[in-house]
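Single-letter residue listing:
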Amino acid sequence: MSSTTETKRAPEGPTEVPEANTPIHRILGSPAAFIATAVILLALFGGTFLANPDRVAPTRDPAYYTWRTELITTETPQTLLDTKGPYEYFSSGYRVTAPISGALLRAIPGVDELHITVVLMVLLPVLTSLLLASFAYRHRRDPLLWHAVAFFSASLYLTPPFVGYLDNVLCLFFLAASLSFLTEARTSWPARIAFAGFLLAAGLTHPTTLVFFGLSLGLMSLAKLV
């Protein structure tokens, strides 16, 4: 008896790696798991303020951020530009995004002048962590990676280099949001406009952080070429 062997040629071009279909991936990939991670992060950063509503945010100088926010809500925008601050450090529109964001929050009922920095210092780390997790998930469809990046990014905000610097935290939020348009910016003008807009907002928030972001992108591009 003779048998024939059939040989099939592999398809040309890149092949996609199938996603893991283990029970743990199915659990972590459910909508409930994504919502649970977001709720855990919110509880991690905001639980202490729910238990102690009169507590101020752990910023280096919450009074200064509050003062600048109240300045723009009670005076004209030109007054904010003319007010130089200590050692003329904040003149000519330098770092104006934080007080503008605070002024927008002041329009929400229930958010008073003492809770502006609290809202920002709770929401910004959570939103930034979720944005970074989403950016990683777009490039590798692994729900475990999404949760790992979310928790790891959030944990960095509990370390001394990040605690208390509201301008830096807000700038990182804009940079994380810009990453969502990084890939599409190569071919899409709306994505380019959105990417440039977030970078502009980051520059108006904390220019030094934007410079380090640009250097990081440049070094990663150079490493890829090498």
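Up top is the structure these notes are about.
Residues numbered from 1 in each chain as written. Predicted model: local features only at pLDDT ≥ 70, side-chain atom pairs only at ≥ 80, totals over all residues. Heavy atoms only, no water.

### A short note on the overall build of the protein
Move 1: The number of helices and strands found in the protein is ten helices and zero strands.
Move 2: Counting from the amino terminus, the protein carries its helices and strands in the arrangement α-α-α-α-α-α-α-α-α-α. (Helix = DSSP H or I, 4+ residues; strand = E, 2+ residues; numbered from the N terminus.)

### Quick notes on the environment of Leu124
Move 1: When you line up the elements, Leu124 lands in helix 6 (residues 116-139).
Move 2: Under the relative-accessibility criterion, Leu124 is labelled buried at 5%.
Move 3: Separated by 48 residues in sequence, Leu124 and Leu172 have C-alpha atoms that sit 8.6 Å apart.
Move 4: Each residue touching Leu124, except ones within four places of it in the same chain, is listed here: Leu166, Val169, Leu170 and Phe173. (Buried < 20%, exposed > 50% of the residue type's maximum accessible area, 1.4 Å probe, protein only. Contact = heavy atoms within 4.5 Å.)

### Here we look at helix 7 (residues 143-156)
Move 1: For helix 7, built from 14 residues, the straight-helix expectation of 20 Å at 1.5 Å per residue is met to within 8% by its first-to-last C-alpha distance of 20 Å.
Move 2: If you check which residues of helix 7 are buried, you get Pro143, Trp146, His147, Val149, Ala150, Ser153 and Ala154. Relative to the axis of helix 7, the buried residues are bounded by an arc of 165° and lie together on one face.
Move 3: Along its buried surface, helix 7 packs onto helix 1 (23-28), helix 2 (31-51) and helix 6.
Move 4: The opening residue of helix 7 is Asp142, an N-cap whose side-chain oxygen sits 3.0 Å from the backbone nitrogen of Leu144. (Expected span 1.5 Å × (residues − 1). Arc of directions from axis to C-beta. Polar contact = N/O pair within 3.5 Å; in protein donor to acceptor, adjacent residues only side chain to side chain.)

### With respect to the pattern of salt bridges
Move 1: All chains considered together, the criterion is met by three salt bridges.
Move 2: Residue Glu184 pairs with Arg138 through a salt bridge whose shortest N-O separation is 2.3 Å. Of the two residues, Glu184 is situated in the loop between helix 8 (166-179) and helix 9 (189-205) and Arg138 in helix 6; the sequence distance between them amounts to 46 residues.
Move 3: On the basis of relative accessibility, which here comes to 44%, the residue Arg138 falls in the partly exposed class. (Salt bridge = Lys/Arg side-chain N within 4 Å of Asp/Glu carboxyl O.)

### A few points about the side chain of Thr37
Move 1: For Thr37, the location among the structural elements is in helix 2.
Move 2: For Thr37, the residues in contact, after removing those within four places along its chain, are Trp146, His147, Ala150 and Phe151.

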